[in-house]
Amino acid sequence: MQSKGAIRLFAIVFALVCLYQLSFTFIANRVEKNAKEVAAGDPEAERRYLDSIASEPVYNLLVRNYTYREVKDREINLGLDLQGGMNVTLEVSVVELIKELANKSIDPAFNASIARAVELQKTSQEDFVTLFGRAFNEIAPDAKLSSPTIFGTRELSEKIKPYESTNEEVLIFLRSEAEDAFEISFNVLRNRIDKFGVAQPNIQKLGNSGRILVELPGVKEKERVRKLLQGTAKLEFFETHENKNIYPLLEAANEVVKELKKEAGIDSTAIVVDEIQASAEQVAPQEELVQTEKEKPTLLEKLELEDTTSVSDTLAAEKNLQELAKEYPLFALLNPSGAEQGPVVGYALIRDTAKVNEYLNHKKVRAVFPSRTEFLWTVKAFDKEGKALQLIAINPASPDGKAAMEGDVITDARQTFGQFGATPEISMTMNAAGARKWRELTSNNIGKSIAIVLDDFVYSFPTVQGEISGGQSSITGNFSITEAKDLANVLKAGKLPAPARIVEEAVVGPSLGEESIRAGLISFVIALLLVLVYMVFYYNQAGLAANFALLANLFFIFGVLASLGAVLTLPGIAGIVLVIGMSVDANVLIFERIREELSTGKGLRLAIEDGYQKAYSSIIDANVTSLLTGIILYTFGTGPIRGFATVLIIGILTSLFAAIFLTRLIFLYRLDKNKSVKFFTKFTENAFKNSNFDFVSKRKIYYLISGIIITGGIISFAARGLNMGVDFVGGRSYVVRFDQDVRTIDLRSALTTAFDEAPEVKTFGGAQQVKITTKYLIDSQEEDAEQIVENKLIEGLSQFGDGNFEIMSSQKVGPTVANDIKAAAVWAILFSFLVIFLYIILRFKKWQFGLGALVAIFHDVLIVLACFSLFYGILPFSLEIDQAFIAAILTVIGYSINDTVVVFDRIREYLSTSRKREMDTLINEALNSTLSRTFNTSFTIFIVLIAIFIFGGEVIRGFSFALLIGIVVGTYSSICIATPIVIDFSKKPEELK
């Protein structure tokens, strides 16, 4: 083998990189195990401990030291289905945005068009603005959207000219506003999520769909999350207090806190020392509070100390720490700004802000400060390490905390550049009412700061240089372009009345997540052991080499997942288990070729060389088609399905490297040492060697068998249909577990009373667990709709047994999302058909092969669908048609075409080398020669899927059942359907050569 040294070097480097990437997961797990031991079973204590060491180095390498936060960011992320949590898809309400831009117009044509567009959106994939424009042109073809009664208002006069702007121009403006609303909503949500305190949150835009995905691992406060995500942005402008006026009062506040602790019988010394010792770094020592800042470093300077200064060293340096903690309990957490000018009154580490708020919001502490005084934190850390926030003293316009101005007066805001075009700044425009308020506010605060506050966090506090009239002003500062754009978006958020509505939601309880991990690991271990044993049984020493390649492949998969920051989901684990079966396919192809070469009398070294050479074509063709299927699945899938596709794609690529190169390196090493390599055992030496099945002549029988099954499926489709999940029809579903067995009929009756409509209730796994599906309030736009439905659900569930039950998981899919998922599923399957058809034609250069492959995969899909239609409600597990089922169908397509390509490749080889023999005879010989490979690949994948089906848990049982059917049918169709189609559409052998 050429470049043997380069391949060996690449394998070593690749392995080291994977080990490096996986090491972060090992370190994170070790730290969290220590946290559990320290907390002694107290979840809150465990959380506090992990928060305290977030900035402390826990992983020391030669190149650098990594903190726990950095290690956590680099570990393999677990999906919500494995650790519990909440997955929410939000959509900006363009309907409400358009209504507000039109000042809630009462124009009949406008409101009729809105209503019509809402109806059209339920069945259309087009954006709402396009649907609204179409509806308006149909309802009022001669009317103008730029009419003063609709969008030709004074507020929009700079962008829409009354009666002059065309309807198309207005629609372009609305589309631009909708896009801006989406960007602003995304930024607002991102900042809200960052403040929620969830480990490893994820927020991302879902392509061009106008939707935002939010994943919150481990979250338990579902209602709080819903309110947090769906609330409209609240932008306010506040006057501020000068720090020089607040600074003297902080010492008095500290005295009050000290007295409060004494009254409560709390040892402030112990509390503060514990808080400091739990921290990775100490906030500014208490001596700073009694000495000038020139004598002691500020908090910012402390935060910038080199990492070599440990916590213990810092504490040891503070000899009078306990005495100081008694005297300054507030200042142990909040470092005051001294007599500096401006509204910044202090700094605190992010982890301490909640405690500082608790102190400052106590009524006795508040009494120390002027009556109209509030304290708000900045939204972003001000230090380069991202560890501390600034505390701003706010001066509300009234005792009830009302702001001097609110964001609804802003008509536009954008990032611009200063006078010389070098410094980024923000240009802000207000309406007439806002201009008057802004002139008064700025004239009263010259030389002072005005705080720009969004969702109770200060985004900026620019100093007023002079009175600003006309409603046009600029905000300058030391901004980067990105920061200026972000602040402009914040200002625009004040004029956007479009809330983000939850259109899809999934909640997984922690206990179900733990069960999923356990089930996934069990199925993983069992499948792996079965494959390892079988490969040794069938291929002897070569099987050991294949097993080494397989284990290396799994190591590579996890290493690549870690390096990409990919999320491992339950379908992802199923994908890994499936890759275990599929990764042996390349080795099986190679080994079978080597056995054929050995049977002709070739020496071992030459047989190995020729076996690899002749297997390359089939291996590449088979894996390329599977790879194309994985890419299609990734492109059209979302959430867990995309996770499955990610694992599948990575697994295909790494298995090619491991199977082709690593096994060959092992064989060459043994040959160079004059050692033998055996490719069979005494039980398998002659397996399939003399097979001589006449497949071709029985093709009409195969057509008849398949026709009967597909016809039965079509009849079932017409009579029973398919068991469509909420992914495709919309609605809410809940998995509920009781302490005892329940009768679904009785449960449905009770829930019918609660919901005022009959939900679907099915046993899900054991008789004590059910899946409940309902469309109750699915079209509601109310923020509390989810809680109303859950309350109704609990009301009905409470009537059973002793009332002990647990909602293991829940899912909501809105009608619009369901339509989008359905459309994406159809397009994914159709597109996969097209891509595979084109690839086969390109690769084999004969349309008959492309047609045969297309008919075979179409046949496989129909049979899987037929089984799901015939057996749902009969088999004791869920056979819902959902996104996981689409992933299974696409995987079946990938496997089927994989198997078909191998068969076609061997047919083409036989036809090209034997021109004078009958085509039927040659094809039969070709098919018989592939039986050993077909059986071994199918059998290993089948036993893997059996392991998933039996041990993988109820959640993916339907998914694994679809794959089981697909593997059997795919193996059958490659020989009994695809090949006969090629024969029947070819008049003579020459057409296929």
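Scope of this entry: the structure provided in the associated data block. (Residues numbered from 1 in each chain as written. Predicted model: local features only at pLDDT ≥ 70, side-chain atom pairs only at ≥ 80, totals over all residues. Heavy atoms only, no water.)

1. Observations concerning the overall build of the protein
Along the backbone of the protein there are 33 helices and 23 strands. The buried share among the 993 residues of the protein stands at 55%. In the protein, the share of contacts with a sequence separation of at least 24, taken over all contacts with a separation of at least 6, comes to 74%. Summed over all atoms, the accessible surface of the protein reaches about 43700 Å², with 56% contributed by carbon and sulfur. (Helix = DSSP H or I, 4+ residues; strand = E, 2+ residues; numbered from the N terminus. Buried < 20%, exposed > 50% of the residue type's maximum accessible area, 1.4 Å probe, protein only. Contact = heavy atoms within 4.5 Å. Areas by Shrake-Rupley, 256 points an atom, 1.4 Å probe, with all protein chains shown as cover.)

2. Side note on the packing of helix H24 (residues 699-719) against helix H33 (residues 957-984)
At a minimum axis separation of 10 Å, H24 and H33 run at an interaxial angle of 120 degrees. Here H33 runs oblique to H24, going by the angle between their axes. By crossing handedness, the relation of H24 to H33 is classed as left-handed. In contact with Arg 699, Tyr 702, Tyr 703, Ile 705 and Ser 706 of H24, H33 contributes Tyr 972, Cys 976, Ile 977, Pro 980, Ile 981, Ile 983 and Asp 984. Classifying every residue of the contact of H24 with H33 by side-chain character gives nine nonpolar, one polar and two charged. (Axes fitted to C-alpha atoms, helices over the stretch in contact; angles between N-to-C directions. Parallel < 35°, antiparallel > 145°, perpendicular 65-115°, else oblique. Left-handed = near helix turned anticlockwise from the far one by under 90°. Nonpolar A, V, L, I, M, F, W, Y, C, P; charged D, E, K, R; others polar.)

3. So, the pattern of salt bridges
The final tally for this structure, using the stated rule, is 36 salt bridges. Across the salt bridge formed by Glu 91 and Arg 211, the nearest N and O atoms sit 3.0 Å from each other. Taken together, the positions of Glu 91 in strand E4 (residues 85-92) and Arg 211 in strand E6 (residues 211-217) put the pair 120 residues apart, joining distant regions of the chain. Each member of the pair, Glu 91 as well as Arg 211, carries the same accessibility label: buried. Close ionic contact of Asp 621 with Arg 843 constitutes a salt bridge, the shortest N to O distance being 2.5 Å. Placement of the pair is Asp 621 in helix H22 (residues 604-636) and Arg 843 in helix H28 (residues 815-844), with a sequence separation of 222 residues. A residue is classified by how much of its surface remains accessible, and Asp 621, at 0% relative accessible area, is buried. Among the residues examined, Arg 843 registers a relative accessible area of 28% and is labelled partly exposed. Connected through shared salt-bridge partners, Arg 593, Glu 596, Arg 906 and Glu 909 make up one network. (Salt bridge = Lys/Arg side-chain N within 4 Å of Asp/Glu carboxyl O.)

4. Things to note about the sheet that holds strand E14 (residues 424-430)
Taken in spatial order, the three strands line up as E13-E14-E17 in an open sheet, and their pairing is antiparallel. At either end of the open sheet lies a strand with only one pairing partner, and these are strand E13 (410-417) and strand E17 (472-475). Across the sheet, the mean angle separating the axes of adjacent strands is 25 degrees when strand polarity is ignored. Of the strand pairs in this sheet, E13 and E14 are connected by seven bridges, and their pairing is antiparallel. The residue of E14 that forms the bridge with Gln 415 is Ile 426. (Pairing = 2+ DSSP bridges.)

5. A short note on the sheet that holds strand E23 (residues 805-813)
Spatial ordering of the open sheet is given by E5-E6-E4-E18-E23-E20-E22-E21, a layout of eight strands whose pairing is antiparallel. Edge positions in the sheet fall to strand E5 (202-205) and strand E21 (760-764), since each of these pairs with one other strand and no more. The average angle at which neighbouring strand axes cross in this sheet is 20 degrees, direction not considered. As paired strands, E21 and strand E22 (residues 766-774) are joined by five bridges and run antiparallel to one another. Paired with Thr 763 across the strands is Val 770, a residue of E22. Sheet contacts for helix H27 (residues 785-797): strand E18 (500-508), strand E20 (731-738), E22 and E23; angle to E20, the most-contacted strand, approximately 35 degrees.

6. Brief notes about the environment of Leu 797
With respect to the element layout, Leu 797 can be found in helix H27. Take Leu 797: its relative accessible area is 0%, and that puts it in the buried class. Separated by 43 residues in the primary sequence, Leu 797 and Ala 754 have C-alpha atoms spaced 9.4 Å apart.

7. Let's talk about the environment of Ala 758
The residue Ala 758 is located in the loop between helix H26 (744-755) and E21 in this model. Taking the C-alpha atoms as reference points, Ala 758 and Arg 748, separated by ten residues in sequence, lie 6.8 Å from one another. Dropping the residues within four chain positions of it, Ala 758 is found in contact with Arg 748 and Thr 752.

8. Let's talk about a positive patch on the surface
A contiguous patch of positive charge on the surface is contributed by Arg 154, Lys 402, Arg 436, Lys 437 and Arg 439. Among the structural elements, Arg 436 can be located in helix H17 (residues 432-443). (Patch = residues over 30% accessible without salt bridge, like charges linked within 9 Å, V, L, I, M, F, W, Y side chains within 5 Å. Lys, Arg positive; Asp, Glu negative; His and termini not counted. Charge placed at Lys NZ, Arg CZ, Asp CG, Glu CD.)

9. Let's talk about helix H9 (residues 222-230)
When we look at burial in H9, the residues that qualify are Lys 222, Glu 223, Val 225, Arg 226, Leu 229 and Gln 230. Within H9, the buried residues cover an arc of 160 degrees as seen down the axis, which keeps them to one side. (Arc of directions from axis to C-beta.)

10. Some remarks on a nonpolar patch on the surface
On the surface, a nonpolar cluster with roughly 410 Å² of combined accessible area is contributed by Ile 12, Leu 16, Leu 19 and Phe 26. Along the chain, the position of Leu 16 falls in helix H1 (residues 4-39).

11. Notes on the pairing of E4
In terms of burial, E4 is a largely internal element, eight of the eight residues being buried. A two-sided burial pattern is seen for E4, the buried positions comprising Gly 85, Asn 87, Thr 89 and Glu 91 on one face and Met 86, Val 88, Leu 90 and Val 92 on the other. Two elements, E4 and E6, share seven bridges in a ladder whose sense is antiparallel. Its bridge partner being in E6, Thr 89 is matched across the sheet by Leu 213. Taken together, the eight bridges between E4 and E18 define a ladder with antiparallel strand orientation. Looking at the pairing, Asn 87 lines up with Ala 506 of E18.

12. Quick word on the packing of aromatic side chains
This model, assessed by the stated rule, comprises 44 aromatic pairs. Centre to centre, the rings of Phe 24 and Tyr 59 are 5.5 Å apart; their planes meet at 85 degrees, and the pair counts as edge-to-face. In this pair, Phe 24 is assigned in helix H1 and Tyr 59 in strand E1 (residues 57-60), connecting sequence segments 35 residues apart. Phe 24 gets classed as buried once you look at its relative accessible area, which sits at 0%. Centre to centre, the rings of Tyr 347 and Phe 382 are 4.8 Å apart; their planes meet at 25 degrees, and the pair counts as stacked. On the criterion of sequence distance, the pair formed by Tyr 347 in strand E9 (residues 344-349) and Phe 382 in the loop between strand E10 (374-377) and strand E11 (388-395) is long-range, its members being 35 residues apart. Note on Phe 382: relative accessible area 24%, which makes it partly exposed. (Phe/Tyr/Trp six-rings, centres within 6.5 Å; stacked < 30°, edge-to-face > 60°.)

13. A look at unusual backbone geometry
Although it is not a glycine, Asn 103 sits at a positive phi angle of roughly 55 degrees. Tracing the sequence through the fold places Asn 103 in the loop between helix H5 (94-101) and helix H6 (108-121). A residue is classified by how much of its surface remains accessible, and Asn 103, at 42% relative accessible area, is partly exposed. Unusually for a residue other than glycine, Lys 104 sits at a positive phi of about 50 degrees. With respect to the helices and strands, the residue Lys 104 is situated in the loop between H5 and H6. The class of Lys 104 is exposed, set by a relative accessible area of 56%.

14. Things to note about H17
For H17, with twelve residues, the first-to-last C-alpha span of 17 Å sits near the 16 Å given by 1.5 Å per residue. Taken as a whole, H17 has its buried residues at Gly 434, Ala 435, Trp 438, Leu 441 and Thr 442. Projected onto a plane normal to the axis of H17, the buried residues spread over an arc of 130 degrees and lie on a single side. Structural note: H17 exposes Arg 436 and Glu 440 on the side pointing more than 90 degrees away from its buried face. Against strand E7 (235-240), strand E12 (405-406), E14, strand E15 (450-454) and E17 lie the buried residues of H17. (Expected span 1.5 Å × (residues − 1).)

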